[in-house]
Amino acid sequence: MKNIGFLSFGHWSASPHSRVRSGADALLQSIELAVAAEEAGADGAFYRVHHFAQQLASPFPLLAAAAARTSRIELGTGVIDMRYENPLYMAEDAGSADLISGGRLQLGISRGSPEQVIDGYRYFGYTPPEGTSDGDMAREHTATFLKVLEGEGFARPNPRPMFPNPPGLLRIEPHAPGLRDRIWWGAGSRATAEWTAEQGMNLMSSTLLTEDTGVPFHRLQAEQIRRFRDAWTAAGHEREPRVSVSRSIFPIVNDLDRQLFWREHDSTDQVGWIDGGNARFGRTYANEPDKLIAELAEDEAIAAADTLLLTVPNQLGVDYNAHVVESVLTHLAPELGWR
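- Looking at an unreviewed UniProt entry, the protein carries the name LLM class flavin-dependent oxidoreductase, with the source organism given as Actinomycetospora chibensis.

Shown next as structure tokens:
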């Protein structure tokens, strides 16, 4: 395990039990948590993206702001729904945020998760061409986005431009060198993981898989990772790929931890129905550190990945979530082979 970061869904709620009461709270606290996580020694700050919901949505202003307040930590998404994206405008936003960060962006993208509204991407102006699906459209947007990030010129210049042009075809600016290699695909199945490898993207695998073979979640996810790495080798890519997995992990080290999460100490995998098919959801890990170390040592997917993202309960506030991250880094991470 080389890297440990957090993944925040960025929820806000007017509930009196929430410390995140508004969109402003969610954004500003997301930045503060990135700062706190960096100070604690964590490696990454990642944010979910959901439209039409009281959660984080447009990621690039947030990523740029967090980049300006930090100096070392990776900043990323998990994941941007490509059905909603203009890939060229996204490349401009991503390039700008990456340059502000000094090359620390790690962008997770995907077809997206179940939505708050029906076909929400249509309200954003995107409709799958006849005979294709919304998933096909997401992959088409992705192909364009990846191609543009390579930095090659493709647009014919105006012969009478407002400002002088460099020779040849023009590219999207600003260009962020190396960002193409820092794009991840959120894969929900083994087949999608293989496709991800073929496209030369890193693999991001969460606490949900959109298939169920009857084996424990961590073993199914470990198989997904093995298939990804095999497909990567077969594709002949030159660089080493990265793989992340997400987990809900809560070391119980004080009375507040015990009050909030002790009931989760015997959590198990869940099997459900999502998007028209069976799905398997990973368990929550909550226990005293010595017991968690033994439990996590048996998680085959954590062992196979190079990056672990801790899904944090952001509505409990910055201080508590910084405590969760620090507790994992202090009490668990060394035993997981971190650094």
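Still more ground to cover, so stick around.
Examining the environment of Leu 296
Alright, step 1. Mapped onto the secondary structure, Leu 296 falls in helix α8 (residues 289–297).
Alright, step 2. Judged by relative accessible area, Leu 296 falls into the buried class, the value being 3%.
Alright, step 3. Taking the C-alpha atoms as reference, Leu 296 lies 7.8 Å from Leu 336; in sequence the two are 40 residues apart.
Alright, step 4. Beyond its immediate chain neighbours, meaning those up to four positions away, Leu 296 contacts Ile 249, Tyr 285, Ile 302, Leu 332 and Leu 336.

Examining the nonpolar core
Alright, step 1. Core analysis: the largest hydrophobic core is formed by 72 residues, its most contacted members being Tyr 47, Leu 107, Ile 109, Phe 145, Ile 183 and Ile 249.
Alright, step 2. Among the nonpolar cores identified, the runner-up in size contains 6 residues, and Leu 7, Val 79, Trp 184 and Met 204 belong to it.

Things to note about the pattern of salt bridges
Alright, step 1. Applying the stated criterion across every chain, the model contains 22 salt bridges.
Alright, step 2. Ionic pairing is found between Asp 181 and Arg 239, a salt bridge with its closest N-O pair at 3.3 Å. A residue pair is termed long-range when its members are at least 10 positions apart, and Asp 181 in the loop between α4 (134–149) and β5 (183–186) and Arg 239 in the loop between α6 (217–235) and β8 (243–251) qualify at 58 residues.
Alright, step 3. You can call Arg 239 partly exposed: its relative accessible area is 23%.
Alright, step 4. As a salt-bridge pair, Arg 190 and Glu 211 come within 3.0 Å of each other at their nearest N and O atoms.

Comments concerning the UniProt feature "domain: Luciferase-like" (unreviewed entry) in the protein
Alright, step 1. The UniProt feature table records "domain: Luciferase-like" (unreviewed entry) at residues 13–268.
Alright, step 2. Each end of residues 13–268 is marked by a C-alpha atom, and these two atoms are 28 Å apart; helix forms 37% of the span and strand 14%.

Digging into the packing of aromatic side chains
Alright, step 1. As enumerated under the stated definition, the model contains 9 aromatic pairs in all.
Alright, step 2. Relative to Tyr 47, the ring of Phe 6 has its centre 5.9 Å away and its plane inclined at 80 degrees; by these criteria the two rings are edge-to-face. With a gap of 41 residues between them, Phe 6 in strand β1 (residues 3–8) and Tyr 47 in strand β2 (residues 44–47) connect regions that are remote in the sequence. Grouping residues by exposure puts Phe 6 and Tyr 47 together as buried.
Alright, step 3. Between Tyr 84 and Tyr 121 the ring centres are 6.3 Å apart and the planes differ by 85 degrees, which places this aromatic pair in the edge-to-face class. Pair noted here: Tyr 84 is in the loop between β3 (74–81) and α3 (87–101) and Tyr 121 is in the loop between β4 (105–110) and α4, with a separation of 37 residues, a long-range link.
Alright, step 4. Each residue in the set Phe 52, Tyr 84, Tyr 121, Tyr 123 and Phe 124 is aromatic and connected to the rest through ring pairs, giving one cluster.
Alright, step 5. Geometry around Trp 195 places Arg 139 over its ring, the cationic atom sitting 4.0 Å from the centre.
Alright, step 6. Here the guanidinium or amino end of Arg 283 rests over the ring plane of Tyr 285, the centre of that ring lying 4.2 Å away.

Conventions and cut-offs
Residue numbers here run from 1 along each chain, matching the order of that chain's written sequence. The predicted origin of the model limits local features to residues at a pLDDT of at least 70 and limits the giving and counting of side-chain atom pairs to 80 or more, whereas totals for whole chains, interfaces and linings rest on all residues. Side-chain figures throughout are based on the complete set of non-hydrogen atoms in the structure, without hydrogens or water. Only DSSP runs of H or I with at least four residues qualify as helices, and only runs of E with at least two residues qualify as strands; both kinds are numbered from the N terminus onward. Type-normalised accessible area, obtained with a 1.4 Å probe on protein chains alone, sets the label of each residue: buried when under 20%, exposed when over 50%, and partly exposed for intermediate values. Should any heavy atoms of two residues lie within 4.5 Å, those residues are counted as being in contact. To define a nonpolar core, start from buried Ala, Val, Leu, Ile, Met, Phe, Trp, Tyr and Cys residues and group those joined through side-chain atoms within 4.5 Å. Definition used for salt bridges: Asp or Glu carboxyl oxygen within 4 Å of a side-chain nitrogen of Lys or Arg. UniProt positions are given in the numbering used here, feature names are shortened, and annotations may be inferred rather than shown by experiment. Stacked, edge-to-face and tilted labels apply to pairs of Phe, Tyr and Trp rings (six-membered ring for Trp) whose centres lie within 6.5 Å, assigned for plane angles under 30 degrees, over 60, and everything in between, in that order. Note on criteria: charge over ring means Lys NZ or Arg CZ within 6 Å of the ring centre, with the direction from the centre no more than 35 degrees off the ring normal.

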